[in-house]
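Structure at a glance
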Amino acid sequence: MKKHMLAKRMGAIALCAVLSTGLLSATAAAQGKDVTAYLSPDLSIVVDGSYRTFYNAVGQEVHPILYGGTTYLPIRAIGELMGKNVNWSQSTLTVSLAGDRPNGSVTGTPDSAAKAQTVQAAIRPDITILVDNVRQTFADANGDTVYPLLYSGSVYLPVRSIGELMDKEVNWNNATRTVTLSGGSLVTDADSFEDNNGNNNGGNNGSNNGNNNQPSTPTGMITAEQAKQKALAHAGLQSSQVSFVRAHLDWENGRQVYDVEFYTKDYREYDYEIDAYTGKVLSFDYDAEHYRPGTGNGNQNSGSYIGEAEAKRIALAQVPGATENNVRRVKLDWDDGRAEYEVKIVVGMLEYEFEINAVNGAILSQDVDSIYD
């Protein structure tokens, strides 16, 4: 009898331990988990034909975030686009989008110094999203539940979920690294257009060659000299340190941009695309397409190569936490009339690719994508 009672007690204790462990795990899951994401200021976001820059409530620019092969956008800024007031309840951990915005959109100062980098964020299943008092749940393309992402005081949602909230189709252009959210309009031939919130977004007045992809309220086009200064500021250089190859006004993806190219005295090359209206840096790399060094002016096609080991070291220094075990490829190649090393590094769900000058070790270009792209 005593043995039987003892066995029952031990079984009850074991069951309590299992239940307690399950409850603790469920509580931890409900509170969220820390994750490594990727801050991506180089991504462009286009909403109904207009390029958008997002700011937080105090006017600081906030950037898209990549996590798990998905682009995340700040929900407060999206609330502005929807014309809804965004409220945060600390007691219930709830973001509510409802009513009309009393003060319109927040303006701020563009963060021209922002760079792509890994950041620590948190997946938060305990945060609730309400739109017009209706609780929202979100799923990815496979039907799996996705949760809000919390980073630096801002709540982010996957762009697919943002598209569902705004009733817009979401598209991704890998070549231009652009996310597009767009909704259909029954009429496209008009002098101005009004959205569902009564906001007039302007129209094609003939001044932009039929492309209505400029910012909705342009203040005038900047000059080529101003575009040069924007590029120099981003590169952290002065006019006296560089020689300009060109500052050419062009059309790219339905908008006017300045293509600015220059090189330094040690023949590092820079290529920028600057929005002709806002002055925002849309893209940049370290390979000026229209510059070709020749004999006597710093020709980089001769001289000894730095070697694969040095090329790996240079690339690894740009990727936090990466070691030689993360290097997937080092290849000597020839591009644009010069020798360069191609280096690929994979860390977690992110793939980094570098092109490094084989003679002087300068980073000619670098890119990062999800391994799922």
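Residues numbered from 1 in each chain as written. Predicted model: local features only at pLDDT ≥ 70, side-chain atom pairs only at ≥ 80, totals over all residues. Heavy atoms only, no water.

Topic: helix H3 (residues 159–166)
The buried fraction of H3 amounts to 6 of the 8 residues, a majority that puts the element mostly inside the structure. Considered for burial, the residues of H3 that qualify are Val-159, Ser-161, Ile-162, Gly-163, Leu-165 and Met-166. Residue Asp-167 follows H3 closely and has a positive phi angle near 60 degrees. (Buried < 20%, exposed > 50% of the residue type's maximum accessible area, 1.4 Å probe, protein only. Helix = DSSP H or I, 4+ residues; strand = E, 2+ residues; numbered from the N terminus.)

Some words on the environment of Phe-262
By the secondary structure assignment, Phe-262 is in strand S20 (residues 255–264). Between the C-alpha atoms of Phe-262 and Ala-247, which are 15 residues apart in sequence, the distance is 8.9 Å. Non-local contacts of Phe-262, meaning those with residues more than four positions away in its chain, are made with Ala-231, Leu-232, Ala-235, Leu-237, Val-242, Ser-243, Phe-244, Val-245, Arg-268, Glu-269, Tyr-270 and Tyr-272. (Contact = heavy atoms within 4.5 Å.)

Comments concerning the nonpolar core
Counting 35 residues, the largest nonpolar core has Leu-149 and Leu-181 as the members making the most contacts within it. A per-element tally of this core places H3 first, with 4 residues. Look past the residues within four positions of Leu-149 in its chain and what remains in contact with it is Val-35, Ile-65, Tyr-72, Ala-121, Ala-122, Ile-123, Ser-154, Val-155 and Tyr-156. Leu-43, Ala-315, Val-327 and Ile-356 belong to the second largest nonpolar core, which has 22 residues in total. (Core = buried A, V, L, I, M, F, W, Y, C linked by side-chain atoms within 4.5 Å.)

Notes on the side chain of Glu-342
Summarising the element assignment, Glu-342 is placed in strand S24 (residues 338–347). Filtering out sequence-adjacent residues up to four positions away, Glu-342 remains in contact with Arg-329, Val-330, Lys-331, Asp-333 and Phe-354.

Examining the packing of aromatic side chains
This structure, assessed with the given rule, holds 6 aromatic pairs. Considering the side-chain rings of Tyr-38 and Tyr-352, the 6.0 Å spacing of their centres and the 70 degrees angle between planes classify their relative orientation as edge-to-face. Taken together, the positions of Tyr-38 in strand S1 (residues 33–39) and Tyr-352 in strand S25 (residues 350–357) put the pair 314 residues apart, joining distant regions of the chain. An identical accessibility class is assigned to Tyr-38 and Tyr-352; each is buried. Within the aromatic cluster, the residues linked to one another by ring pairs are Phe-244, Phe-262, Tyr-270, Tyr-272 and Phe-284. The cationic tip of Lys-228 hangs over the ring face of Phe-244; the distance from NZ or CZ to the ring centre is 4.7 Å. (Phe/Tyr/Trp six-rings, centres within 6.5 Å; stacked < 30°, edge-to-face > 60°. Lys NZ or Arg CZ within 6 Å of the ring centre and 35° of its normal.)

Quick word on the pairing of strand S22 (residues 281–285)
Across 4 bridges, strand S21 (residues 269–275) lies against S22 in antiparallel orientation. What sits directly across from Glu-273, in S22, is Ser-283. Two successive antiparallel strands, S21 and S22, enclose a turn made up of 5 residues, where Gly-279 displays a positive phi of approximately 80 degrees. (Pairing = 2+ DSSP bridges.)

Topic: helix H5 (residues 308–316)
Those residues of H5 that sit buried are Ala-311, Ile-314, Ala-315 and Leu-316. Looking at the buried residues of H5, the elements they touch are strand S23 (327–335), S24, S25 and strand S26 (363–370).

Some thoughts on a nonpolar patch on the surface
Taken together, Tyr-305, Leu-332 and Trp-334 make up a surface patch of nonpolar side chains, about 310 Å² in accessible area. The residue Tyr-305 is located in the loop between S22 and H5 in this model. Under the relative-accessibility criterion, Tyr-305 is labelled partly exposed at 38%. (Patch = residues over 30% accessible without salt bridge, like charges linked within 9 Å, V, L, I, M, F, W, Y side chains within 5 Å. Areas by Shrake-Rupley, 256 points an atom, 1.4 Å probe, with all protein chains shown as cover. Salt bridge = Lys/Arg side-chain N within 4 Å of Asp/Glu carboxyl O.)

Some thoughts on the pattern of salt bridges
Tallied over the entire structure, the rule returns 12 salt bridges. Residue Glu-164 pairs with Arg-160 through a salt bridge whose shortest N-O separation is 4.0 Å. On the criterion of helical spacing, the pair formed by Glu-164 and Arg-160 is a turn pair, its members being 4 residues apart in helix H3. Put simply, Asp-259 and Arg-246 hold a salt bridge, and the shortest N to O gap is 3.2 Å. In this pair, Asp-259 sits in strand S20 while Arg-246 sits in strand S19 (residues 242–252), placing the two residues 13 residues apart along the sequence.

Concerning unusual backbone geometry
Its identity as a non-glycine residue notwithstanding, Leu-93 has a phi of 55 degrees, on the positive side. By the secondary structure assignment, Leu-93 is in the loop between strand S8 (84–89) and strand S9 (94–100). Look at Asp-132: it is not a glycine, yet its phi comes out positive at around 50 degrees. Relative to the assigned elements, Asp-132 resides in the loop between strand S11 (128–131) and strand S12 (134–136).

With respect to the confidence of the model for the chain
Averaged over every residue, the pLDDT of the chain is 76; residues scoring 70 or more account for 74%. This model gives residues 12–29 a pLDDT under 50, and the stretch forms 1 contact once residues within four places in sequence are excluded. Here residues 293–302 scores under 50 on pLDDT; set against residues more than four positions off or in separate chains, the count is 15 contacts. (pLDDT = per-residue confidence, 0-100.)

Things to note about the side chain of Asn-357
Within the secondary structure layout, Asn-357 lies in strand S25. Polar side-chain contacts of Asn-357 include one of 3.2 Å to the backbone nitrogen of Asn-360. (Polar contact = N/O pair within 3.5 Å; in protein donor to acceptor, adjacent residues only side chain to side chain.)

With respect to the sheet that holds S20
Think of a sheet as strands paired side by side through backbone hydrogen bonds, with each pair either parallel or antiparallel. A sheet is described by the order of its strands in space; here 4 strands give the open sequence S19-S20-S21-S22, paired in antiparallel fashion. The two strands at the open ends of the sheet, each matched to only one other strand, are S19 and S22. Ignoring strand direction, the axes of neighbouring strands in this sheet form an average angle of 15 degrees. Across the face of the sheet, helix H4 (residues 224–235) comes into contact with S19, S20, S21 and S22 while running at roughly 55 degrees to S20. (Axes fitted to C-alpha atoms, helices over the stretch in contact; angles between N-to-C directions.)

Focus on the pairing of S1
As defined by bridge partners, S1 adjoins strand S10 (residues 117–123) across 7 bridges and the pair is classed as antiparallel. Bridge assignment links Thr-36 to a residue of S10, and that residue is Gln-120. As paired strands, S1 and strand S6 (residues 65–67) are joined by 2 bridges and run antiparallel to one another. The residue bridging Tyr-38 from the neighbouring strand is Leu-66, located in S6.

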